[in-house]
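Remarks on the overall topology
The chain contents come next:
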Amino acid sequence: MKTNLHYIKKNMKKLILLFGLSLFLVSCGGDEETKSIEQVIESEDLSQIKAKKSELSDQQAKIAGQIDELDEAIKKLDKNRRMDLVSIYKVTDTLFKHYAEVQGNVATDENIIIYPEFSGILTEVLVNEGQKVSKGQVLARIDDGGLRNELAQLDAQAKLAKTTYERQKRLWEQNIGSEMQYLEAETNYEALQSSVNSLKSRLGKTVVRAPFSGVVDEVISEQGEVVNPGQNQLFRLISLDKMYVEADVPENYLNTVSKGTDVKVSIGSVGREFEGKISQVGNNINPNNRTFRIEVAVPNEKDLIKPNQIATIKLNDYTSENAIVIPESSIQKNAMGENIVYVLEQENDKDFGTAKKVVVETGLVYNDSIEIKQGLTSGQILITDGAKNIRDGQEVKFRK
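In this text, all values refer to a predicted model and were calculated from it rather than measured experimentally. (Residues numbered from 1 in each chain as written. Predicted model: local features only at pLDDT ≥ 70, side-chain atom pairs only at ≥ 80, totals over all residues. Heavy atoms only, no water.)

1. Regarding the overall build of the chain
Secondary structure summary: the chain contains five helices and 22 strands in total. For the chain, with 400 residues in total, the buried portion stands at 32%. Restricting the contact set of the chain to residue pairs at least 6 apart, pairs at least 24 apart contribute 72%. Here the chain displays about 25400 Å² of accessible surface, and carbon together with sulfur accounts for 48% of that area. (Helix = DSSP H or I, 4+ residues; strand = E, 2+ residues; numbered from the N terminus. Buried < 20%, exposed > 50% of the residue type's maximum accessible area, 1.4 Å probe, protein only. Contact = heavy atoms within 4.5 Å. Areas by Shrake-Rupley, 256 points an atom, 1.4 Å probe, with all protein chains shown as cover.)

Quick look at the structure:
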């Protein structure tokens, strides 16, 4: 310790002496050093000017070297010296996934307008808006215009024709009667039965039923209105059970996107994010915007998701199993345009160490994290917060 202190004092004396001598020369009327430099410049002798510059540079380098030696000694002896405080991050191998984002819309195939299939007066509307209904449930009835009575009469005729046909058939099997009588009875019965079935089908169209289970979102026509097929809308029926998000994806993702590709779906209006897989990939490229269509099924347990909501689909277009990933904010650019970071070379278990500059090769960025292709290895200590204010070789203290 005494030897080191003696060394510091000795060098400090040298610096004080040099500084004092410079002040003495400047303060003297001769000002020889300044005049000497001016004389050399005025001489316009290039060799003399370069020699003088070289002489002064040597002196400057010598003094700078001595100052560095003193700084190093002070660092070793001064226990109260101030060091920049930084945050650190241990580099490890991790799974890195990159996602490309596209905008989409929520949709469902079970979102339809129900039209009448029969012309007449809407005699009954049996459901209300917002009501849940089951597949096949009766929603409304239309006046049949006398079809029911006509069906009753025709059905009675068909039953009589059936009895006649069966009687002629038994007789024909016993070789009684003519074949013509038997065939006429059969034809008459089949014609009447066909008319009955046709009339039943027409009568069935006077009853409006739910084609699938869902919610009556809107009652469009009111009881008492005259309705016609293809003209009057009766109800809007929606099922929120089988929802999906559809989106247009740029064609340059064709090599990375396929059926089964992992995706994340965010629906901002309800604050929900889901993980899923692409269920459908279109085979057609839209020539107007060079995109293809994809679909992703999404769960809807609480019926919060509605058709036509805006959604964001994050497509997993890149995955690295054992990647070096660090905060993007740790990356800096040097004067040569290289990406650099600072790592900590720690001494034993102390709370300080030396910052070392490292040039790195970067990869993709996602969620403020960046993949490092080259330059860092697992186990190294990365300096994060405070890295922008330090230099290579600087001693720093870190937060534990």
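2. Quick word on the packing of aromatic side chains
Scanning the entire structure with this criterion turns up five aromatic pairs. Ring pairs connect the aromatic residues Tyr165, Trp172, Tyr182 and Tyr189, which therefore count as one cluster. (Phe/Tyr/Trp six-rings, centres within 6.5 Å; stacked < 30°, edge-to-face > 60°.)

3. Some points on the environment of Gly204
Counting through the fold element by element, Gly204 comes out in helix α5 (residues 179-204). Separated by 63 residues in the primary sequence, Gly204 and Arg141 place their C-alpha atoms 9.7 Å from one another.

4. Looking at the packing of helix α4 (residues 147-173) against α5
Two elements in contact, α4 and α5, have axes whose closest approach is 8 Å; the angle formed by their N-to-C orientations is 155°. Relative to α5, the element α4 is oriented roughly antiparallel. When the axes of α4 and α5 are compared, the crossing they make is left-handed. (Axes fitted to C-alpha atoms, helices over the stretch in contact; angles between N-to-C directions. Parallel < 35°, antiparallel > 145°, perpendicular 65-115°, else oblique. Left-handed = near helix turned anticlockwise from the far one by under 90°.)

5. Considering the side chain of Gln168
Mapping Gln168 onto the fold places it in helix α4. Its relative accessible area of 12% is what places Gln168 among the buried residues.

6. Quick look at the nonpolar core
Counting residues in hydrophobic clusters, the biggest one holds 29 residues, and the most contacted among them are Val133, Leu139, Val208, Phe235 and Leu237. Of all the secondary-structure elements, those providing two or more residues to this core are β7 (138-142), α4, α5 and β11 (235-238). The biggest single contributor to this core is α5, with seven residues. Those residues in contact with Val208, other than ones at most four positions away along the chain, are Ile114, Gln137, Val138, Leu139, Ala140, Ile142, Leu234 and Phe235. (Core = buried A, V, L, I, M, F, W, Y, C linked by side-chain atoms within 4.5 Å.)

7. Notes on the sheet that holds strand β10 (residues 226-227)
Across the sheet, four strands lie side by side as β8-β7-β5-β10; this open sheet has antiparallel pairing. Single-partner strands in this sheet number two, and they are β8 (207-209) and β10. (Pairing = 2+ DSSP bridges.)

8. Digging into α4
Each α-helix winds once per 3.6 residues, and so residues spaced three or four apart point in a common direction. For α4, which comprises 27 residues, the first-to-last C-alpha distance of 38 Å matches the rise-based estimate of 39 Å (1.5 Å per residue) to within 8%. Here α4 has its buried residues at Leu147, Leu151, Leu154, Ala158, Ala161, Tyr165 and Gln168. Asn175, located one to two residues past α4, shows a positive phi value of around 60°. (Expected span 1.5 Å × (residues − 1).)

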